[in-house]
Structure formats: C-alpha cells, structure tokens
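# Breakdown of the fold
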Amino acid sequence: MLQVLLDAIVLGCSYALMAVGLNMVYGLLRIIHVAHAALYTLGAYVGLYCLLNLSQSLWISLFVGALFSAIVGVLMYRIIYSPALTAPRYVPLIAGAGVFIASQELFRLLAGPYPYSFDAHFQFLSIMTPNLRVTETQMLMITFMVVAFLCLFILINKTNLGLMWRACTQDMELAASSGININLIIAINFMIGSALAGSAGILMALYRNSVFPTMGAMVSYKAFVVIVLGGFGSIPGAAIAGIILAIAESFLGMVPIFNLPREAIAFLVMILVLMFKPKGLFGR
Amino acid sequence: MRRFLCIVMVLMFVLCGLLSVDAMAQETVKIGFITPLTGFAAADGYSSLESAKLAVDYVNEHGGINGKKLELISYDDGCQPDQASALTRKLIENDKVAVVISGSYSSPSRAAAVICQQAKVPFTSTYAVHPSIVEAGEYCHRIGMAAPIQGRVGGYFAARELGAKRIALLIMNNDFGVSLAEAFKETALKLGAEIVYEKKYPLGETEFRSYLNAIKAADPDLLYAPGYYNEAANIVSQAREVGLRCWLMGDEGYDSPKFIELAKTAANGVFITTDLNRDSDRPMTRYFLEKYKERTNIDADMVGASGFDAVMLVSHILNKVGTKADDIIRYWDTIENFEDCATGPIITFQERSAIRPMDIQIVLNNQFRYFYRYYEPEIIYLNPPSGGK
Amino acid sequence: MHLEIGEEKSGNSGNIVDVKILTLKNVKKHFEGLRAVDGVDLTLNKGEILGLIGPNGAGKTTLLNTISGLLMPDDGSIMFKDRDITLLPAFKRAKLGIARTFQIAKPFSLLTAEENVLVGMGCKLHGNISSLFKNCRKKEILQKADEIINLIGLSDSKNQLASSLPIGLLRKLEIGRALATAPSLLLLDEPASGLNNQERNELAELVEKIRKLGISIILIEHTMSFVMNLSDRIVVLHRGNTIAEGTPQEVANDPLVIEVYLGTKGVKYAS
Ligand SMILES: Nc1ncnc2c1ncn2[C@@H]1O[C@H](COP(=O)(O)OP(=O)(O)OP(=O)(O)O)[C@@H](O)[C@H]1O
Ligand SMILES: [Mg+2]
C-alpha cells in the first residue's frame, strides 16, 4: 500500500509540474496554453542531446533542458499568443493546439520517429527496504518537486516579482496603469512555467528511460484534468490536485472489478469535479 | 526583377514538364503503399516504408516485373482511418496502382481494405492483426499474423509449454491488444489455465506500477501483456522494479530492437510471439536483416519484415499473372510455400490470411533469440484443416 | 513629513506654475463609427486642477484612457513634460508619472490595502532585474507605504483585503495606489461617485492635500459642487468635443453648457 502511494506521488509530481505552468499562464492571460506540453518534450530532447554530446552530467542536462524550454516558452508567447490575445479566446487555444501538433512532427523530423533511451548516471539518495523502495530517480523527482514548489511559493508570496505577478493575475489593466511592466511579468511567467515543464520532461525521460516525439500527449491532457481538479489559475491547487489525481488513478486502477483504464479515471474525475465543484477544489 | 522571376518560373515549368515526360516514357508497374509517417505511429511507418523500398530495389535488381520496373507510390496516412480511405482512393484513381499495400495499423488498414474491395483492386495488409481487415471481401489479404492465430500461439505457449496455471492479462486498449488478448484468453482457458487479473490500459500510458502491484498481489505464473514496444518497455522494467517474479510474455509488437534499448536488462527473459526469426539462416531473412541495417543504420524489426514480405509476395504474383485484378486474386489464393520472404515461409493463405510457422523468441543477453517454433496445423491455421481435428 | 511624491517639488506648492505638463492636440478615438473623442485639444499647467465635465457618454473616460495609455488615440498627439507619449504603452506612462483611478473603483481585490499601495510603489523598481527578486516587505519600503496610507487615512484597515473595504475607503485606496507610483499627473475618474456627503468632503480635503504636493490633477466628476469647488479650470466635453472652457464661473454661465446640462445641478449652482 505504502509502495503504491509512493509510486503515485512520484507520478503526481510530473502532473503537478506540468499543471503549474499551465495554471500560471491561465491565471495571467486566461488562455489555455495547449502548446505547453511541447516544452515538456523539448526539454527531454535538449536534455538528451546534452547528455549525448556535451556532458555526462544529469545536472547539466537538466539545467540546459530547462533553460532551453524557458527561452522557447517565451518565444512562443511573443510569436503565437501575444498577437492572439485580443482575439476571441478560442483563437489562442487553436493556435496552441496547432503548435503542439506541429512540434511533434518537428521533433520527429529532427530526431527521427524512434524512441531514444535516456541513460544518465547520477548519484542520489535512495531507500531500499523490503517494504518500501524509492529509487534514486523517484527520490530525485520528489526532491525536485518539493524544492521547485518551495521556491515558487517564496517567489510569489515574498518578492517584489511575486507581488506584481499577483497584481497582474487580478487585473492586467490596473497593473499596467500602476506602472507594472506587464510584458516583463508575462515573459517571466512563461519562463518559469516552461522551465518547470522542460524539467518535468527530462525527469520523466529519465524515469521512463525514453524520449520520443509524442511523449507530451499523455501528460498534456492529464495536466488539463489537474487544473480542472485543482481550480483554474490556482498554483497550490495544481500541485495538490496533481498528486491527488495520480493517487486516485493508482488506487482505483488496483480495484479488480473497476475495469476502467487509467485515462478513463482521469476524465471521470474531471467530469465529477465539473458537475459538483466546477471551480475545482481550490478555485476562487 | 519581375521579368527575371517570370522567366525563371517559365523555365521551371518547362523543366518539370520535361522531367515528367521523361518519367512517363518508361513504363512501370505501380504498387501503392500507405503508412504512417507522422503522428504517434511514425516509427512503425518508417520501418515499414524503408523495408518496402528495400524489397522494391531487390525486385528491380532481379529483373523487375517481366522486364518493367516496379514502382512504389507511398502516402502518409498519419495512422488515421479517414486519411487512409482518402489516400487509398487517390492511389487507385489517380495513380492507377495495380495493388495497394497497407503498412499501417488495424483501423486505417481496415478503412483502406473497404475502399479497395469497392474498387475491386487487390489489397493486402502487412502487420495489422485485426480479424476484420480481410472480412472486407475477396480482394483483401493479410501478410502478417492474424490476431486469432498469434493470440492462440501465445496461449499454447503459456499454458502448455510453460505450464502456467494462473495468468494475468494487461491489455493495450486498441484493436491490436484486445484482439490478441481475446484469442489468448480463449486458448488459455481451454487449456485449463485461470485468469487471475485482467485490465486494459490506454495507448501512450507510461505508468504501470499500480497495475503491477495489483498483479503481484494476484500472484500469477505468467503475465501476458499484448501491446507495442514503447508501453511494453515500461511494463517490463516496472514489473521487475516492483518485484513481479513471473513469466512475462508479449507479442510481435515488442519485436523491435528499441524494446530492448528502452527496457534495458529488464527485457531479458521476456517471451514474444513473432514471425521474424533473427537466428534463421534462410537467405532471404539474412538478406533483409543485413540490408535493412545497412540502409537505415537501425536494426530491423518485425513491422519492417512484413512490409518487405508484402512487396516480395505481390511482385511474385505480378510476375506470374500480370496486373489484372481478378487474375491476381485467383492466383493469390493458390499460393503455397512461398519462400522469398524475410519471415518464416508462407505455407498458404487461409481465409486470405497468411499461414506460416509461428515462432516464440526470448530476450537473452539483450538480444532476441529463437526459442520455439510451432508447426502444428491446429495451432497455426486460422481454421485447422479438415484433415486435422 | 518627507514624502517624495511628485518629482519636482515646487517651493510654493499649491500654486499653479505656468509650465505645461500635458498638451493634447487634436486627439481622436473612434469606436467603429462612434466618435467617442473627436479632436480634443487640451493643456494642463503644473499644479493645476482641471475639471472635466460633460453629460453621460460625452467621452470623458475615453479621453482619460487615451492619456493614461489604456487606449491608443486614432489621431492626434499627446505631449507629457515635453515628451511625445502618444504611442507609449500604459505602464511606461505610469513610470513617467501619469497615475490614474477608475470610474468603477478597481483595486487588486485579493491583495490587502497595504499590498495595493506596495504594488504602486513597485512602479519605480523595474530598473534592474535583481530588485524583482528582493523582499517585497522591506522595512524602508513599508515605511514609505505607511506614509501614503496615513495620507489617505487608511491606517486602520491597511491589512484588510481590498475586496472587503467599503466604497468610501476603496476610493481613497485607489488614490493611494496611484500616489504610490510617485506621479506628477493624477487622473481621477469620478472619484466621488457612490460616496455620501461626509466621505465626499474628506475626499475633497485629500485632493487639496495632493495638489499641495505639486501634483497636477484632471478630475472627472458629475457632482457639480465637488468639481466646481476644487477645480481651477473647467473643460466641458460634449459628444467628443470640447464645447466650453474657463473658470468654474465662466463655464457655469456659458449658454451652450446650460443648454447641454439643462436643469441639472450645475446650472443651479451657477445661478
Ligand atoms: N470600448 C468601447 N467600445 C465601444 N464603445 C465605447 C467603448 N468605450 C466607450 N464607448 C462609447 O464611447 C462613448 C463615450 O464613452 P465614455 O465612457 O468615454 O463616456 P463618459 O463621458 O465617460 O460617460 P460617463 O459619464 O457615463 O462615464 C459612449 O457612447 C460609449 O458607449
Ligand atoms: Mg466615464
């Protein structure tokens, strides 16, 4: 039981890392950033490239992958979303979906259709007892998630940037009239969210030992379920809902008579939330 | 400037015209090929198409089709049934191909089969397994292993050869996984095994620990997990990680060097049902394995082998009877012991599906190795011949 | 009191200096055929309070939006302190010293009153990226925020969420947030709407105090007594055009204005 819980939490970390970026964008711009998952895959590919060509170190590949995703995330905003912001809301949605699909084909053209293995060697803590196994990768994922969310929490609640970010999520016009450089805040917002997505991609590539063009598809819709569950725009909501969803999936998946695939469980959760608590568990 | 551009454009048109005239001048025999080159199935599409091209080159080096060159016209169906129908129509109506080959999954292949049947153009699927593909009609054949046969072979191996009594099923939720699991289950139950766990998972799933923990609790002798290698690599490595100590068995979907690369040492000891025997010394198999590696720098897989075989078989038929659809179909059903293919020899076609000896391979030392071969008609025939039981 | 509001604090605060701080030339803003602002010329002197009045839909708010940068004018030019700001985005204008409030009171409703002021103070921070990552509740910053909060008289409720404040305090908080950006021009869009008499008087006092800090003000208001008492000069807008301009007295006696405002308080006040 404990083992199942732990495995679920590790999985939940990846959902949460993805969903947070989505929610940061939604909170600020009220658009659903479908192309977010492209950055997950991008992070994994760049990380893999680093690992194969630059250095054997997982840490360097994690850093470079996240950095790359962050830069591309900002470019995505400037090139795709920024011009579409004044248009009806489905326009950025469709633009994002287009970019996501195109990105999959781009990865395929550049790196080929086959999955790559992500063979990084690194030292980290691990727990190996008869009742509980936490592999090094699992430990790394949990640590990363905890550190990332702590940093995010401090950033949002304690710093000037966070204050301005919170102001922007509430009223962009008012924020601009108060002298906040909204372009800068949006750019930083995309940078952070995209870096988290990129790192999630690398960590999952490591965990699954595979990198392939369509690896973002599954996490992308899981992340949507998570933000519905956690409440649109809520960052702690995304973090907690990510883990709750993974736990729900894992435990419901174990019930023998409950013969539904994991995917169906996620959407069942989403439908239930929309029916009974449309603002999500932590929505405001 | 503008005038210059105009001249360049005109020149280009003329050149294009000349080139196409040139191409027309040499008459060829055309066969059509649809395969996913984009989307989630792109890797299989790539294997399939490269292998088909390899076979075309082979045929043309050995005299072509009665002196004419064999020409392969291929389109990308993105693994979408609607694309597959549209492209099949295009192959038939615009390109006027003699035969259509599908190097795609079950649903697009089924869509293509229906179109070919309507247009009365011979069609064959390669590695797609779903029974209904050939049910479209008498113009539709299958080169690969039909799911009922492959599932049955898996069932025999698990319940009879390995003697598994308690069996767990973890099934990929699509045509492929479900139709294999059905045949496997029927056979295993008939042979006295018990199904202690059964679950479907969606294509693209990567996290199996919760299922595997439940499976571990059910304490099976064998886990049969029909699916593709991407998911299978995760299943296998996570199964070892959670400490599931039972036989692991898969299908031809595992049959790719990528499976071993992704699952690493966890792949060792996994059994699969397949028709590509990498340890075979049949010249055609060796030719395919070597040339494929030379051409693509990747080790060959089962998907590729069946694309290769389809082109080989079709060109054999075209050589014998020409390009008339009805002649092709009539001859097709009389084929016996066709040896010029990379997979085990095709013994015959039954209900328009290829019948061949079936192999069990095992991963040892990070390589697929020959383990067992079934010849028994009651196992490898779709409907065992009346002479049997 | 050592408030640093208003960049160039003039010695004789409260007096109008003959320096043009804002010049509008032929500013136009059309909404698909609707000429909301149709060629307005306007100047504002340093330290002056300019009252902007006109019937509903006259284009007052729209004009204010073109000055603060929330709307870009379709035509014409806007000069602020000898600088052409016609095409600058809103946040850059705020940095240059144009602050505003909104007709429908608009605070950051999920932040406390104090944080609202802190956001305004952040206006001057963007110079270097590193300041973004510094603590937003540093002592000296909080001290400055307190001065503003005292000035607007919100010390008792500074830790309340803005969404929980009554309208009277909300109007003051908006002004506080605007003042925190250290403006030299303050645009007030109907700051007295929704207030009772006492609150209105307090607000008038606050506006007087702000003027004494050397900040020029454009004041849109429907409550005539309020605007007539405070303003040095009045501009009347009607259907996107200025129809009258002058001291409160002159404007109140203008026949065109009386026609436009027939039977309203403004006329009664003037007579
Ligand atoms: N964003 C907009 N889109 C279309 N029309 C607008 C927009 N904003 C304002 N208008 C129209 O422009 C005209 C001027 O509006 P504005 O809000 O500037 O008037 P106002 O003088 O502030 O009126 P009030 O005293 O009621 O606040 C009105 O007819 C209004 O309907
Ligand atoms: Mg107005």
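Residues numbered from 1 in each chain as written. Chains lettered and ligands numbered in written order. Predicted model: local features only at pLDDT ≥ 70, side-chain atom pairs only at ≥ 80, totals over all residues. Heavy atoms only, no water.

## With respect to the overall build of chain B
Assigned secondary structure in chain B consists of 13 helices and 15 strands. For 389 residues, the compact-globule estimate of 2.2 N^0.38 gives 21 Å, and the C-alpha radius of gyration of chain B, at 22 Å, lies within 12% of that figure. Dimensions of chain B along its principal axes, counting C-alpha atoms only, are 75 × 60 × 35 Å. Put simply, chain B has 389 residues, and 59% of those count as buried. Excluding contacts between residues fewer than 6 apart, the proportion of contacts in chain B whose partners are at least 24 apart in sequence is 68%. If you sum the accessible surface of chain B, you get close to 15,200 Å²; carbon and sulfur atoms cover 53% of it. Placing the 40 positive and 48 negative side-chain charges of chain B at their respective mean positions leaves the two points 2 Å apart. (Helix = DSSP H or I, 4+ residues; strand = E, 2+ residues; numbered from the N terminus. Rg over C-alpha atoms; globule rule 2.2 N^0.38 Å. Buried < 20%, exposed > 50% of the residue type's maximum accessible area, 1.4 Å probe, protein only. Contact = heavy atoms within 4.5 Å. Areas by Shrake-Rupley, 256 points an atom, 1.4 Å probe, with all protein chains shown as cover. Lys, Arg positive; Asp, Glu negative; His and termini not counted. Charge placed at Lys NZ, Arg CZ, Asp CG, Glu CD.)

## Considerations on the packing of aromatic side chains
Residues and elements named next belong to chain B. This model, assessed by the stated rule, comprises 28 aromatic pairs over all chains. On the basis of an interplanar angle of 55 degrees and a centroid distance of 5.0 Å, the ring pair of Tyr-105 and Tyr-228 is categorised as tilted. Placement of Tyr-105 in the loop between β3 (99-102) and α4 (106-119) and of Tyr-228 in the loop between β8 (222-224) and α8 (229-242) is noted, with a sequence separation of 123 residues between them. Here Tyr-105 falls in the buried class, since its relative accessible area comes to 9%. Centroid distance Phe-208 to Tyr-211: 6.2 Å. Interplanar angle 50 degrees. Geometry classified as tilted. (Phe/Tyr/Trp six-rings, centres within 6.5 Å; stacked < 30°, edge-to-face > 60°.)

## Notes on the site of ligand 1
Residues and elements named next belong to chain C. Residues in close proximity to ligand 1 total 13 residues, the closest being Asn-56, Lys-60, Thr-61, Thr-62 and Gln-103. Between ligand 1 and Ala-58 there is a distance of 3.2 Å, counted from an oxygen atom to a backbone nitrogen or oxygen. Here Thr-61 contributes a side-chain N or O atom positioned 2.6 Å from an oxygen atom of ligand 1. Burial of ligand 1 by the protein amounts to 61% of the accessible area it has alone, namely 630 Å². Where the shell around ligand 1 is concerned, the elements lending two or more residues are β2 (34-46) and α1 (60-68). Examining the composition of the shell around ligand 1, we find that three residues originate from one element, α1, more than from any other. (Near = heavy atom within 4 Å. Polar contact = N/O pair within 3.5 Å; in protein donor to acceptor, adjacent residues only side chain to side chain.)

## Considerations on the interface of chain A and chain B
In this assembly, 33 residues from chain A lie in contact with 37 residues from chain B. Interface area, chain A with chain B, both sides summed: about 2,900 Å², of which 51% is carbon and sulfur. The largest per-residue losses of area from chain A upon contact with chain B belong to Tyr114(A), Arg208(A) and Arg262(A), which jointly make up 24% of the total buried on that side. In this assembly, chain A and chain B are joined by three salt bridges. (Buried area = accessible area lost by both parts, 1.4 Å probe. Salt bridge = Lys/Arg side-chain N within 4 Å of Asp/Glu carboxyl O.)

## Focus: the packing of helix α1 (residues 2-29) of chain A against helix α6 (residues 160-170) of chain A
Residue and element names in this part refer to chain A. It is the contact of α1 with α6, at a shortest axis distance of 6 Å, that shows an interaxial angle of 60 degrees. Judged on the interaxial angle alone, α6 and α1 are oblique. Contacts from Met-24, Gly-27 and Leu-28 in α1 reach Trp-165, Cys-168 and Thr-169 in α6. Along the lines of polarity and charge, the residues of the contact of α1 with α6 split into four nonpolar, two polar and no charged. (Axes fitted to C-alpha atoms, helices over the stretch in contact; angles between N-to-C directions. Parallel < 35°, antiparallel > 145°, perpendicular 65-115°, else oblique. Nonpolar A, V, L, I, M, F, W, Y, C, P; charged D, E, K, R; others polar.)

## Section: the interface of chain C and chain A
Counting from both sides, the interface comprises 31 residues of chain C and, opposite them, 26 residues of chain A. When chain C packs against chain A, the two sides together hide about 2,500 Å² of surface, and 67% of this comes from carbon and sulfur. Sorting the residues of chain C by area buried against chain A places Phe91(C), Phe108(C) and Leu132(C) first, and these three jointly supply 25% of that buried surface. There are three salt bridges connecting chain C and chain A. A salt bridge links Glu173(A) to Lys106(C), with the nearest nitrogen and oxygen atoms 3.0 Å apart. Along the contact surface separating chain C from chain A lie eleven residue pairs in polar contact (both at pLDDT 80 or more). At the level of elements, α2 (90-96), β6 (98-100) and α3 (113-121) of chain C are the ones that each hand at least two residues to the side of chain C that touches chain A.

## Details of the arrangement of the chains
Among the two pairs of chains in contact, the pair with the most contacts is chains A and B. One thing to see here is that chain B and chain C don't touch, and their nearest C-alpha atoms sit 37 Å from each other.

## Re the coordination of the magnesium ion (ligand 2)
Residues and elements named next belong to chain C. Every protein donor of the magnesium ion (ligand 2) is accounted for by Thr-61 (OG1) and Gln-103 (OE1), and the metal-donor separations fall at 1.8 to 2.2 Å. You can see Thr-61 sitting in helix α1 and its partner Gln-103 sitting in the loop between β6 and α3, a full 42 residues away along the chain. Take Thr-61: its relative accessible area is 25%, and that puts it in the partly exposed class. Residue classification places Gln-103 among the partly exposed residues on the basis of a relative accessible area of 31%. (Donors = N, O, S within 2.8 Å, 3.2 Å for Na, K, Ca; no water.)

## With respect to the environment of Arg78(A)
Residue and element names in this part refer to chain A. For Arg-78, the position within the fold is in helix α3 (residues 58-84). The partly exposed category is assigned to Arg-78, whose relative accessible area is 47%. Non-local contacts of Arg-78, meaning those with residues more than four positions away in its chain, are made with Pro-83 and Asn-183.

Shape is all these values report; function is a separate question.
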